[in-house]
Each structure stands twice: as C-alpha cells, then as structure tokens.
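Residue-level structural notes
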Amino acid sequence: MTPQQYVQDKAAASGSSFYYAFKFLTPPRRAAITAFYAFCREVDDVVDEVQDPGVAATKLAWWRQEVQRLFAGQPSHPAMQALSPHLAPYGIEARHLLAVIEGCEMDLQQTRYLDFVGLERYCHLVAGVVGEVASAIFGRTQEQTVAYAHKLGLALQLTNILRDVGDDARRGRIYLPVNELQQFDVKAHEILKREAPWGYSERFTALMKFQAERAHRLYDEALALLPEADRQAQKPGLMMANIYRALLCELEAEHFQVLHQRIALTPLRKLWIAMRTNWRGR
C-alpha cells in the first residue's frame, strides 16, 4: 500500500463529514488535505483508542519526533510520507502539526474545563489550527481568511462537543465548562450516568440550548469574516459549515438526547449538503 492509498483509506474509513467536502477539490489540493486529515486522525485516535494514559503519552511523544523527522526529510509513517510533498506548496509548518498534538495531549491531562476561555484554548489547538491549515490548502489569498478559519473551527468543534456529550461521558470526560454547568445547576454525575431521569432534565436541556446558541453565533461570525475574494476557494469549508450546522439543528430537533445515543446525519444527506453548497457557493 502506498502512503497515498493509506491516507485515502484512513479518510474514507473515518466516515467524517470532511470526506465529503474533499471530493470537490482539485487532485493536488485533495491529496494535501487528505494527508493532513489522516495525520490529525492518527494522533486523535491515540487518545480515543489507547486506554492506558502512559502508553498514549508515549505514542504522542513519538508523533512529536515524527514531526521532526518529517521536516528533516525523513518521515517514517505513511501519513507523514504522504504529507511531505505538500508542506512547502501550502505553507504547512511544524508548529501547526505540533499544535494538534498538544491539543490531543490536553485530553490526557484534563477531563474538565473550568470556563469557556479554557475550552476555547483546547478548541484552538484541535480545530482552529486545523482550519488554518485547511484554508491554506483550499486556497487562501486574504489574511482575514485565517480569522474566519479559526472562528469556523471553533464552531465546528463546539458542535462536535454537543454531539459527543454521551460518548465523552463514557470516557469520563465532560467538555462543557464547569462554571456553565453550575450556572444551569447541572451536576457532573448526572451527565456521567448517561441515563434518565438524571440526564435529560430541563436543566440539562437549557444548558445545551445555551451551548447551541453560542455555536450558531460563531457560525454567523465566521461567515461574516470570510472575504469575498476567497469565498470561491473556501467552498469546502463552507460545505463543512453547512453540514455541521445541519447537525446542530438536528441535535436541537432531537431535544439534545445525546447521552444515550449518537445523533448523526446520513451519508446521503451530507453529500447532498456538500453538492448544494458547491452549486450555490454559500
């Protein structure tokens, strides 16, 4: 299996919404974003799939060394071998890859965030920086597009967090800020139980509505930041925004019943939203 086939299989197997947006890129840009996405998946899988925190930390340390090998021209992992030819053309730097690893390391070091400022720092590393790199690969000509990409990354990550409250609770993690749980009188043990009657209280629903409204605001703020000159090139990001915002609306329609199940859009619906965004350009 070639490195290119490896990353293609990694992206396809993930079932991620990102995969549908990649389909509309030119082959060189699609190859670059697929390789970068595969790297992100590899380091994220370390946290999600390795149960021993010490082993996970060792694996992430290995990935830090692999970033050094990549920029020294000697990558050993197929994802990094696939990414290597795209570093210079799209301005991908070691700091970008190390930031993603740092964000994953945060998952090993803490399971709670005291306030939104702390959560925002985490989102910056695992989503904002990813958005910055992706926007460069898609074709960025305006500096303000970087701000758009970071804001959109935050909105996407918050949507992920709302969708995954139950999955994260099963791993002992709660990403919703502690002070906001307190604001709505939602106890951590109610979320960690992942069951009625504790979980789906009016208090929990009010907390989730508060989070969803914040995410909607962030989508609006991100789109307002996107310069018209880059709108055409950034259509894959707009596809992601529309797919994830549709997911956010689905969570709202299902009254945030996310503790015992994973609410998701069907592959066909994701593809339709991507196609519609491609036609409409927004």
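Relevant structure appears above.
All residue numbers here refer to positions counted from 1 along the written sequence of the relevant chain. Reporting in this predicted model follows two pLDDT cut-offs: at least 70 for local features of residues, and 80 or more for side-chain atom pairs to be given and counted; totals over whole chains, interfaces and linings ignore these cut-offs and use all residues. To get the side-chain values, all heavy atoms of the structure are used, and hydrogens and water are removed first.

Comments concerning the nonpolar core
Of all hydrophobic cores here, the largest spans 57 residues; its most connected members are Leu-119, Leu-158, Leu-176 and Ile-191. Contributions of two or more residues to this core are made by helix 2 (18–22), helix 6 (94–109), helix 7 (116–139), helix 8 (144–163), helix 9 (165–170), helix 12 (202–225), helix 14 (235–253) and helix 15 (267–280). Runs of E in the DSSP output that reach at least two residues are strands. Runs of H or I that reach at least four are helices, and both are numbered from the N terminus. With 10 residues, the top contributor of residues to this core is helix 14. We call two residues in contact whenever any of their non-hydrogen atoms come within 4.5 Å of each other. Excluding anything up to four places from it in sequence, Leu-119 contacts Tyr-113, Leu-158, Ile-161, Tyr-175 and Pro-177. Leu-25, Ala-35, Cys-40 and Val-130 belong to the second largest nonpolar core, which has 37 residues in total. We define the nonpolar core as a collection of buried residues of types Ala, Val, Leu, Ile, Met, Phe, Trp, Tyr and Cys that are connected through side-chain atoms lying within 4.5 Å of one another. We call a residue buried when its accessible area falls under 20% of the maximum for its residue type, exposed when it is over 50%, and partly exposed in between, using a 1.4 Å probe and counting protein chains only.

A closer look at the environment of Gly-172
Mapped onto the secondary structure, Gly-172 falls in the loop between helix 9 and helix 10 (178–183). Apart from the residues lying within four places of it in its own chain, the contact partners of Gly-172 are Thr-111, Arg-112 and Leu-192.

Description of helix 15
Multiply 1.5 Å by the residue count of a helix minus one, and that product is the helix's expected span. With 14 residues, helix 15 extends 20 Å from end C-alpha to end C-alpha; this agrees with the ideal 20 Å at 1.5 Å per step. Buried within helix 15 we find Lys-270, Ile-273, Ala-274 and Thr-277. Along helix 15, the residues classed as buried sweep out an arc of 100° about the axis, all on the same side. Facing away from the buried side of helix 15 by more than 90 degrees, the exposed set consists of Leu-268 and Trp-279. Buried residues along helix 15 sit in contact with helix 2 and helix 14. Of the residues one or two after helix 15, Gly-281 is the one with positive phi, at around 75°. Throughout, the arc means that of the directions going from the helix axis to the C-beta atoms.

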